[in-house]
Amino acid sequence: MSTACLICLIIFGLIMFFGILPTFIMSYFLYRELFVRKNPNERVRHCSFPDDEEYVKMYSEGLDWGKENESAKEAVEIESEGAHLFGEYFDFGFKKAVIIIPGRTEDCTYSYYFSEPYKKAGCNVLCIDNRAHGLSDGTCHNLGATEYKDILKWSQLLHDKYGNETVILHGICIGAQVAMKLMTNEICPSYIKAMVTEGMFTTFRDSFDEHMREGHHPIFPFTLWVMLWIRIRSHANVLTEGPVKWIGSLDKPILMLHSRQDKYSTPKQGEILNNLCKAPKKMVWFDEGEHSRIRPRNTEAFDKEIEEFVKNLAID
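Thresholds applied
Counting from 1, residues in each chain are numbered in the order their sequence is written. Selection of residues for local features in this predicted model requires a pLDDT of at least 70, selection of side-chain atom pairs for listing and counting requires 80 or more, and totals for whole chains, interfaces and linings are taken over all residues. Where side-chain values are given, they derive from all heavy atoms of the structure, hydrogens and water being excluded. Salt bridge, as used here: a side-chain nitrogen of Lys or Arg that lies within 4 Å of a carboxyl oxygen of Asp or Glu. Think of it this way: any DSSP run of H or I at least four residues long counts as a helix, any run of E at least two long counts as a strand, and we number them from the N terminus. Exposure categories follow from relative accessible area, calculated using a 1.4 Å probe and restricted to protein chains: below 20% of the type maximum is buried, above 50% is exposed, and the middle band is partly exposed. Helix axes are fitted to C-alpha atoms over the stretch in contact, other axes to C-alpha atoms as well, and angles between N-to-C directions run from 0 to 180 degrees. Orientation labels follow simple angle bins: below 35 degrees gives roughly parallel, above 145 gives roughly antiparallel, 65 to 115 gives roughly perpendicular, and whatever is left gives oblique. We call two residues in contact when some of their heavy atoms are within 4.5 Å. Side-chain classes follow a simple rule in which Ala, Val, Leu, Ile, Met, Phe, Trp, Tyr, Cys and Pro form the nonpolar group, Asp, Glu, Lys and Arg form the charged group, and the remainder, Gly included, forms the polar group. As used here, the term nonpolar core means buried Ala, Val, Leu, Ile, Met, Phe, Trp, Tyr and Cys residues forming a set that is joined through side-chain atoms within 4.5 Å. In this scheme, strands are said to pair when DSSP sees at least two bridges between them. Seen with its strands pointing away from the viewer, a crossover is right-handed when the path leading from the first strand over the helix to the second is clockwise.

## Let's talk about the pattern of salt bridges
In the structure shown here, the tally under the stated rule is 17 salt bridges. Between Arg297 and Glu54 there is a salt bridge, with the nearest N and O atoms lying 2.7 Å from each other. Residue Arg297 is located in helix H11 (residues 294-297), and its partner Glu54 is located in helix H2 (residues 53-68); the two are separated by 243 residues in the primary sequence. With a relative accessible area of 39%, Arg297 lands in the partly exposed category. On the accessibility criterion, Glu54 (18% relative accessible area) is buried. Here Arg205 and Asp209 are joined by a salt bridge, their closest N and O atoms 3.1 Å apart. Here Arg205 and its partner Asp209 are both found in helix H7 (residues 204-214), four residues apart, which amounts to about one turn of the helix. With relative accessibility at 7%, the residue Asp209 sits in the buried group.

This is the structure in structure tokens:
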């Protein structure tokens, strides 16, 4: 081997050892912190941000709603893709039901907060613990790669066991991605009639980039490495797949709720999705409300949009 080749190999080895390899290892710990439940006591049914005043208020109001409707509540469970999953079903005697799909770190008690407008619109309410959250099995949040099949199982429970003729999906952040993946998949049953989204992003990679920018963290190469770890562990391709890829094939009604103050699912992402959507749609913009927090700043308007959307659905 020539001296020049040997020098090149040494330089390449040094770059790998001191440059690429450390960031690859560091990105694993970032992935693990964000998406892996490391023990059963993590992400149980509790307030995720106990130091955030607005968030605590949302969570507390949700718990109050749960107590007020305790008589209608039933603990429910399913088996899906090898996981034992849990939730709570509020049966108000209607023939329609909504599944509220929360985002990362949240469980079924978080979803109470978003339930009242659906009750007023004539819907029963199913609040769920996503896999790796609450009481449900699992160690990883799979960003929709597995969860959309879980939602299918939940919808079958609502339809087959509880007699709901119509199911609506309400997805928040990553929950919106899960709902969109099912709604545009050939396995989606006809009785899932419509969806509502809050803070839906184009791809998770785009949303993750915004998180990194806000924290003043380097996007490259950490984003790519974290996306690779997601691919390895969860089998989800979040670099290119997501609502931006699927929404063009949606053919059922959708209500998109988006805040102009959303730093992660940015207004630009919302506009892109709105422009790509060919289904019967309504995009509603709110001037206030951070990511997943439109309702506390715009409660009356938020609830009105949901109630009108549900009541105006043309359901056979």
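Still more to cover.
## Details of the packing of helix H5 (residues 147-161) against helix H6 (residues 174-183)
Viewed as axis vectors pointing N to C, H5 and H6 meet at an angle of 70°, and their least axial separation amounts to 8 Å. It follows from the interaxial angle that H5 and H6 lie roughly perpendicular. Two secondary-structure elements touch here, H5 through Glu147, Tyr148, Ile151 and Leu152 and H6 through Val178, Lys181 and Leu182. Among the residues making up the contact of H5 with H6, the classes are represented as five nonpolar, no polar and two charged.

## A closer look at the nonpolar core
One finds Ile99, Ile151, Trp154, Leu169, Phe204, Ile230 and Leu257 to be the most contacted residues of the largest nonpolar core, which totals 92 residues. In terms of residues, this core owes the most to one element, H6, which gives seven residues.

## As for the pairing of strand E6 (residues 192-198)
Here E6 lies mainly inside the structure; six of its seven residues are buried. Two elements, strand E5 (residues 166-172) and E6, share six bridges in a ladder whose sense is parallel. Within E6, the position partnered with Ile172 by the bridge is Glu198. With H6 bridging E5 and its parallel neighbour E6, the resulting β-α-β unit is right-handed. Here four bridges tie E6 to strand E7 (residues 254-259), and the two strands are oriented parallel to one another. Across the sheet, the residue bridging to Glu198 is Leu257, located in E7.

## As for the side chain of Asn274
Within the secondary structure, Asn274 sits in helix H10 (residues 267-276). When its relative accessible area of 15% is taken as the criterion, Asn274 is described as buried. If we ignore the near neighbours within four places in the chain, the residues touching Asn274 are Met256, Lys281 and Met283.

By themselves these figures say nothing about function.
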